[in-house]
Amino acid sequence: MNTKTVIIGGGPAGLTAAYELNKFGKSSVILEADQQVGGISKTVNYKGNRFDIGGHRFFSKVPYINQVWGEILKEDLLTCGRLSRILYKNHFFDYPLKPLNALTGLGLQEAIAVVLSYAKTKVWHWGIEPDDNFEQWMIHRFGYKLYEIFFKTYTEKVWGIPCTNISADWASQRIKNFSLLEAIRNAFSNSGKHRDGEIITTIIDQFQYPRLGPGMMWEHCQRFLEQNNSPTLLGEWATSIVHHNNQVLEVITKDKSGNKTSFSGDQFISSMPLRELIMCMNPIPPKHVLDAARQLRYRDYLTVVLVIDREDIFPDNWIYIHTPKVKLGRIQNYKNWSKDMVKNPRYTTLGLEYFLWEKDEEWNWPEERLIELGIRECTEIGIIKPAEVVEGTVVRMKKAYPVYDLNYTENLEIIKKYLGSFKNLQTVGRNGLHRYNNQDHSMLTGIYAARNIMGSKYDVWSVNTEKDYIEEGEVSTPTTMERMTPLSMAQLLSLGECARVVLDGL
Ligand SMILES: Cc1cc2nc3c(=O)[nH]c(=O)nc-3n(C[C@H](O)[C@H](O)[C@H](O)COP(=O)(O)OP(=O)(O)OC[C@H]3O[C@@H](n4cnc5c(N)ncnc54)[C@H](O)[C@@H]3O)c2cc1C
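What you see is a predicted model; the values in this text were computed from it and never measured.

1. Observations regarding the overall build of the protein chain
Within the protein chain one finds 15 helices and 20 strands. Looking at the protein chain as a whole, 59% of its 506 residues qualify as buried. Considering only residue pairs separated by 6 or more positions, the protein chain has 72% of its internal contacts joining residues 24 or more positions apart. Counting every atom, the protein chain has about 20,600 Å² of accessible surface; 52% of that belongs to carbon and sulfur.

2. Section: helix 14 (residues 439-453)
For helix 14, which comprises 15 residues, the first-to-last C-alpha distance of 21 Å matches the rise-based estimate of 21 Å (1.5 Å per residue) to within 8%. In terms of burial, helix 14 is largely enclosed, as 14 of its 15 residues are buried. Downstream of helix 14 by a residue or two, G455 has a phi angle that is positive, lying close to 115 degrees.

3. Remarks on the packing of aromatic side chains
The tally for this structure, following the rule as stated, stands at 24 aromatic pairs. Ring geometry for F93 versus F150: centroids 5.3 Å apart, planes at 85 degrees, classification edge-to-face. Pair noted here: F93 is in strand 7 (residues 91-93) and F150 is in helix 5 (residues 144-159), with a separation of 57 residues, a long-range link. Per residue, the accessibility class of F93 equals that of F150, and both read buried. If you follow K399 out to its NZ or CZ, it ends over the ring of Y298, 5.5 Å from the centre.

4. Some words on the pairing of strand 11 (residues 247-254)
Both strand 10 (residues 237-244) and strand 11 contribute to a ladder of 7 bridges, which runs antiparallel. Counterpart to V242 in the pairing with strand 11 is E250. Connecting strand 10 to the antiparallel partner strand 11 that follows it, the hairpin turn spans 2 residues, and N245 within it adopts a positive phi of roughly 50 degrees. Both strand 11 and strand 12 (residues 260-264) contribute to a ladder of 5 bridges, which runs antiparallel. Looking at strand 12, one finds that K254 is bridged to K260. The hairpin formed by strand 11 and strand 12 contains 5 residues between the paired strands, and G258 there has a positive phi angle of roughly 90 degrees.

5. Side note on the site of the ligand
In the vicinity of the ligand, 34 residues are found, and the nearest of them are E32, S41, H56, R57 and S442. A distance of 2.9 Å separates an oxygen atom of the ligand from a polar atom in the backbone of A13. Between S442 and the ligand, the recorded distance is 2.6 Å, taken from a side-chain N or O atom to an oxygen atom. Calculation on the ligand without its partners gives an accessible area of 1,000 Å², and the protein chains cover 93% of this total.

6. Some words on the confidence of the model for the protein chain
Summary statistics for the protein chain give a mean pLDDT of 86 and a share of 83% for residues scoring 70 or more. pLDDT under 50 marks residues 191-203. Its contacts with residues more than four places away, or in other chains, come to 28 contacts. With pLDDT under 50 throughout, residues 471-501 is counted as low confidence; its partners more than four residues away or in other chains account for 114 contacts.

7. Some thoughts on the sheet that holds strand 7
The strand order 7-6-16-17-18-15-19 describes an open sheet built from 7 strands, whose pairing is mixed. Both outer strands of the open sheet, strand 7 and strand 19 (389-402), are each paired with one neighbouring strand and no more. Here the average twist between neighbouring strands, direction ignored, is 25 degrees. As paired strands, strand 16 (residues 318-321) and strand 17 (residues 330-333) are joined by 3 bridges and run antiparallel to one another. Note that in strand 17 the partner of I319 across the bridge is I331.

8. Side note on the packing of helix 11 (residues 287-295) against helix 13 (residues 408-419)
For the pair helix 11 and helix 13, the least separation of the axes is 9 Å and the interaxial angle reads 130 degrees. Overall, the two elements helix 11 and helix 13 adopt an arrangement that is oblique. Here the hand of the crossing between helix 11 and helix 13 comes out left-handed. Here H288, V289, A292, A293 and Q295 of helix 11 come into contact with helix 13, specifically with N411, I414, I415 and Y418. The class makeup of the residues in the contact of helix 11 with helix 13 is 6 nonpolar, 3 polar and no charged.

9. Considering the side chain of T445
Checked against the element boundaries, T445 lands in helix 14. Classification of T445 as buried rests on a relative accessible area of 0%.

10. So, the packing of helix 1 (residues 12-23) against helix 2 (residues 63-73)
The relative placement of two packed helices comes down to the angle between their axes together with the axis-to-axis distance. In the contact formed by helix 1 and helix 2, the axes pass within 13 Å of each other and the chain directions differ by 85 degrees. The orientation of helix 1 with respect to helix 2, classified from their angle, is roughly perpendicular. Along the contact surface, helix 1 presents Y19, E20 and K23, while helix 2 presents Y64, Q67, V68, E71 and I72. Its residues placed into classes, the contact of helix 1 with helix 2 shows 4 nonpolar, 1 polar and 3 charged.

11. With respect to the sheet that holds strand 12
Taken together, 4 strands build an open sheet; the order of strands is 12-11-10-14 and the sheet is mixed. Single-partner strands in this sheet number two, and they are strand 12 and strand 14 (281-282).

Parameters at a glance
Residues numbered from 1 in each chain as written. Predicted model: local features only at pLDDT ≥ 70, side-chain atom pairs only at ≥ 80, totals over all residues. Heavy atoms only, no water. Helix = DSSP H or I, 4+ residues; strand = E, 2+ residues; numbered from the N terminus. Buried < 20%, exposed > 50% of the residue type's maximum accessible area, 1.4 Å probe, protein only. Contact = heavy atoms within 4.5 Å. Areas by Shrake-Rupley, 256 points an atom, 1.4 Å probe, with all protein chains shown as cover. Expected span 1.5 Å × (residues − 1). Phe/Tyr/Trp six-rings, centres within 6.5 Å; stacked < 30°, edge-to-face > 60°. Lys NZ or Arg CZ within 6 Å of the ring centre and 35° of its normal. Pairing = 2+ DSSP bridges. Near = heavy atom within 4 Å. Polar contact = N/O pair within 3.5 Å; in protein donor to acceptor, adjacent residues only side chain to side chain. pLDDT = per-residue confidence, 0-100. Axes fitted to C-alpha atoms, helices over the stretch in contact; angles between N-to-C directions. Parallel < 35°, antiparallel > 145°, perpendicular 65-115°, else oblique. Left-handed = near helix turned anticlockwise from the far one by under 90°. Nonpolar A, V, L, I, M, F, W, Y, C, P; charged D, E, K, R; others polar.

Right, dumping it as structure tokens:
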């Protein structure tokens, strides 16, 4: 099969690249390993009940991304109000934290401990110890106690490694220069505004959401592309990237039955995980590149979905579970995202989120055992009664999170340099750039890659959804490598906002 542009992966990045190429009248072929499109942003349909991998808010500061979402889904894109709280030691903490609610929840003793621990940090540590990992970065700004309550347990549940082994990049990328004093000042002032006067709530307290979940967006996009001569071929695993003289010549895929197909083209875009991409290069890359790729790590993710015979369980879209005694990290309530996500309005569907490594014992547990675990833990924290559970199912998502460990930047640099030598291969998206991102970032990288094929010269690695305000036909190009900052300091004016930024992305 001969096509001009071959795209690996039918997630937001790959599909948006094809969508943008279509705007220039260029067709492409998208090779998707899964049996449906959307990648991590797909929607799973279980007997008419729909659920996400997590919960996918559609929110972007980039006007062109909002335009594309509108073009694809039109009136099926709902505006959704947000409510989410933190459950810690049987108390629901408002989110963002409110002083009175936080004080009652923590109790006077723990509240005093928070302040003393912050004072201790200020006097003894800050400025002496380097911020060389996530834990130190957080302690230096919030004190140990507050960090322990609101960040440590949950962050370690998500990443599965001690916070001392997580790069400080992770915190600085998301929070920047923020401290407890500033947090308290803003929590009390309760202005709802940033220092520069920008209102926070409209940005984060409302988001858009497709009526039938995020997958609806990507299925519509797939259909549109299909009608415009850019098909997505499902069940096609890219297993070999054949190249010669710094040019990719073809991608070879394998289907479920082991049948191989070759796709040749002039241009290639890949959103498959970087580690796999490097392993698929044929001829194989030099040893130091292979070694760097092998060291990239990914956190895996599993959802236990329970159908509960109760109309209303809690009002939140999701609840963070900071309680250390359960493995459960977060609970989604899909009905509160869109009522059409649940088949029978008498029921509620809950998504219990577990963050695991593929090698963990639980990852391979049979479905019944995982459902049992979910029911037990949800009962333990007082959310449901076992007798209310009608049925359940389990969905696993490998490589849901690219891990920012202490070596990832070094490894990434080596891989980038190697991939940079190819004239017609671009990598895009979350795992394609090993970048912890949201859909809008993935989409933007796909758009840049498509425009590069049309003659532009964007650095896809430096896409920044805070700074790139692209409109149709015009894109501001970052000239230097910038670290992505999904939310700027200007957005972080209360402690709750700060917690939000760290927790939301997880
Ligand atoms: C729990 C959770 C919650 C999230 N919440 C939000 C949110 O609220 N809002 C938001 O905007 N974003 C959210 N995200 C992030 C969002 O899911 C990703 O940013 C987005 O899906 C990335 O798109 P992508 O196309 O880059 O990658 P992916 O979604 O990973 O898509 C890549 C595609 O490539 C395919 N593929 C991989 N290898 C191969 C191969 N060898 N051959 C062929 N195909 C292959 C995969 O099957 C997949 O379909 C969340 C992520 C998680 C894990």
